[in-house]
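Chain by chain, the residues:
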Amino acid sequence: MSLLVDYVRQFTRLQRNARLYLISNALSGVSLGILLLLYNLYLDALGYRADFIGAVQFAATVGAGLAIFPAGLCVDRLGGKTVLIVASLLIGLLGAGQILFRQALPLLITAFLAGIVSAALLVVNAPYLTQNSLPAERSHLFSLNLVVTLVTSVAGRLLGGALPVWFRQLPWFMGPLPFPLNGLLAPQAGARAYQLALIGAGLLAIPSLIPLFLLDPDPRPLSKPAAGGRLRSLLTGGVGGLVPRRVRSSWRRWLDWKLWRRWLGSALVLLTLEQGLIGFGAGLFIPYFNLFFVRHLGASSWQFGLIDGGATALTAGATLLAPWLAARLGKARAVVATQALSLPLMLVLGFSPSLLLAALLYPLRQGAMDMTMGVLQAFSMEVVPAQWRGLANSSYQAAYWIAYSLSTPIGGVVIVQQGYSAIFVLAAISYALAILVLWQGFGRDPQERTEGEAGMNPSDRGAAEAEARLR
């Protein structure tokens, strides 16, 4: 109880924009939970097979992947408030198309366009929270943002499971409707019930726009050119730097391994690599968890829904403890510790022949892996200059989702050829490599790099200190 009281106090002390952003996420989280639960079932009820449903998901992923970097530039140049409002309005319109269109080509087109717009919402999250918070409160803020999303998503899943049943019991909704409505809604009773529930989810999301319009304007564009030192620091090998200065001065220096090692050890490259490895591992088994429980272990769909909801609730509770852990171990070390704990749980889960044992391990694995996600987001923003956070977050998101989309079909082939246990082993190896990258780059340094250090010219600190922190 004291932990919840502490989070309530932290919420009241947050900056106004941060509070409004959390409220908007809370209002939209219920709709998100309904959509995640029902949309694939809606397509299935329309008569589409799993291969087409996969194609719709792939179209959305491709759209998001192509738009990640342009979205980051938009965030840097236009500011968070503008991007949040425009992207939310567009995603609402495209979401309506995904629900009301029933032909294959319009569904694929709207999924692709929705993926493009959703990239902006993915990219804006971390830079906007970082810009509207102080370093001391970021661990709590990022964790609270994740908890709000997780808790409201659970509520949405529970509501989404009940809405189609309720709609099917109402003869007025299932019978013939007036001409405009009859043309928009699916003729099949099951598909129409899902469709009405999804429309209800869209209506529930409308109030989430109000806090976005109440946001204070951004104090400055996130991409405002930094004077002198900061921009030179980014381009010449400072913390998070992109190209070492000596590399720019002479093309012959491109062959100098020491300079390449310095660049490859930058915060941006290390965290992008870490996210790519996590995404590759997740794509191998996350999309097949429902099949693992239902087909391999014999669970019913409602049993898996209960297990999945319990795992999400446990993750939300564990996320509240993440700032406490980060304050004692450091952000990077806290992430390494919890993610390393998830590895043996995942391996035992993958080889478990018992539904009961798997049902106990699944929430523990997910909680351990995801509880420090907010801490990692805060840390990944603090180690790059403020004006480049949108681009940095685009790199992280692109690395994760591109790797995720590439490994998902590989996971399906491995399941057919080798069984479910093999994908858990491969995912554990990928996760272990990601943890090693994070530990090698940041975990061994007790003095974690901060936002202030990220924006300084390395010449102001001394070349020796800059190079030491980049190893």
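In what follows, the accompanying structure is described.

Tallying secondary structure elements over the protein chain gives 24 helices and zero strands in all. Sorting the 471 residues of the protein chain into buried and exposed places 51% on the buried side. As displayed, the protein chain has an accessible area near 21,600 Å², and 70% of this comes from carbon and sulfur atoms.

For the structure on display, the rule yields one salt bridge. Its salt-bridge partner being arginine 16, residue aspartate 216 comes within 2.9 Å of it at the nearest N-O pair. Highlighted residues: aspartate 216 in the loop between helix 10 (209-213) and helix 11 (229-235) and arginine 16 in helix 2 (residues 16-45), separated in sequence by 200 residues. Judged by relative accessible area, arginine 16 falls into the partly exposed class, the value being 37%.

For the structure shown, the criterion picks out seven aromatic pairs. Ring centres of tyrosine 39 and tyrosine 42 lie 6.2 Å apart, and the angle between their planes is 45°; this geometry places the pair in the tilted category. Remark: tyrosine 42 and tyrosine 39 occur in helix 2; sequence separation between them is three residues, near one turn of the helix. Each member of the pair, tyrosine 39 as well as tyrosine 42, carries the same accessibility label: buried.

On to the packing of helix 17 (residues 331-350) against helix 18 (residues 355-370). Where helix 17 meets helix 18, the closest approach of the two axes is 8 Å, and the angle between their N-to-C directions is 155°. Classified by the angle between their axes, helix 17 and helix 18 sit roughly antiparallel to one another. Where helix 17 crosses over helix 18, the two elements pack in a sense that is left-handed. Between helix 17 and helix 18, the contacting residues are Thr338, Gln339, Leu341, Ser342, Leu345, Met346, Val348 and Leu349 on the first element and Ala358, Leu361, Tyr362, Leu364, Arg365, Ala368 and Met369 on the second.

Another aspect to go through is the packing of helix 17 against helix 19 (residues 373-382). The relative placement of two packed helices comes down to the angle between their axes together with the axis-to-axis distance. Direction vectors running N to C along helix 17 and helix 19 enclose 140°, while the axes themselves pass 9 Å from each other. Classified by chirality, the crossing of helix 19 by helix 17 is left-handed. Across from Lys331, Ala332 and Val335 in helix 17, the residues of helix 19 making contact are Val375, Leu376, Ala378, Phe379 and Glu382.

As a further point, take a nonpolar patch on the surface. A surface patch of nonpolar side chains, about 680 Å² in accessible area, is lined by Leu347, Phe351, Val425, Leu426, Ile429, Leu433, Leu436 and Trp439. Turning to its location among the elements, leucine 426 is positioned in helix 21 (residues 420-443).

Attention now goes to the side chain of glutamine 98. Summarising the element assignment, glutamine 98 is placed in helix 4 (residues 80-100). Beyond its immediate stretch of four places on either side in the chain, glutamine 98 contacts Tyr39, Tyr42, Leu107, Thr110, Ala111 and Ala114.

This part takes up helix 4. Two residues of an α-helix separated by three or four positions point the same way, owing to the 3.6 residues in each turn. A rise of 1.5 Å per residue sets the reference length of helix 4, with its 21 residues, at 30 Å; its end C-alpha atoms lie 30 Å apart and thus fit the reference within 8%. Gly80, Lys81, Val83, Leu84, Ile85, Ala87, Ser88, Leu94, Gly95, Gly97, Gln98 and Ile99 are the residues of helix 4 that are buried.

Turning to the environment of threonine 408, a few remarks are in order. Residue position: threonine 408 is located in helix 20 (residues 389-418). Expressed as a C-alpha distance, the spacing of threonine 408 and tyrosine 288, which sit 120 residues apart in the sequence, is 8.9 Å. The contacts of threonine 408, once residues within four sequence positions are left out, are Gly283, Pro287 and Tyr288.

Calculation rules
- Residues numbered from 1 in each chain as written.
- Predicted model: local features only at pLDDT ≥ 70, side-chain atom pairs only at ≥ 80, totals over all residues.
- Heavy atoms only, no water.
- Helix = DSSP H or I, 4+ residues; strand = E, 2+ residues; numbered from the N terminus.
- Buried < 20%, exposed > 50% of the residue type's maximum accessible area, 1.4 Å probe, protein only.
- Areas by Shrake-Rupley, 256 points an atom, 1.4 Å probe, with all protein chains shown as cover.
- Salt bridge = Lys/Arg side-chain N within 4 Å of Asp/Glu carboxyl O.
- Phe/Tyr/Trp six-rings, centres within 6.5 Å; stacked < 30°, edge-to-face > 60°.
- Axes fitted to C-alpha atoms, helices over the stretch in contact; angles between N-to-C directions.
- Parallel < 35°, antiparallel > 145°, perpendicular 65-115°, else oblique.
- Left-handed = near helix turned anticlockwise from the far one by under 90°.
- Contact = heavy atoms within 4.5 Å.
- Patch = residues over 30% accessible without salt bridge, like charges linked within 9 Å, V, L, I, M, F, W, Y side chains within 5 Å.
- Expected span 1.5 Å × (residues − 1).

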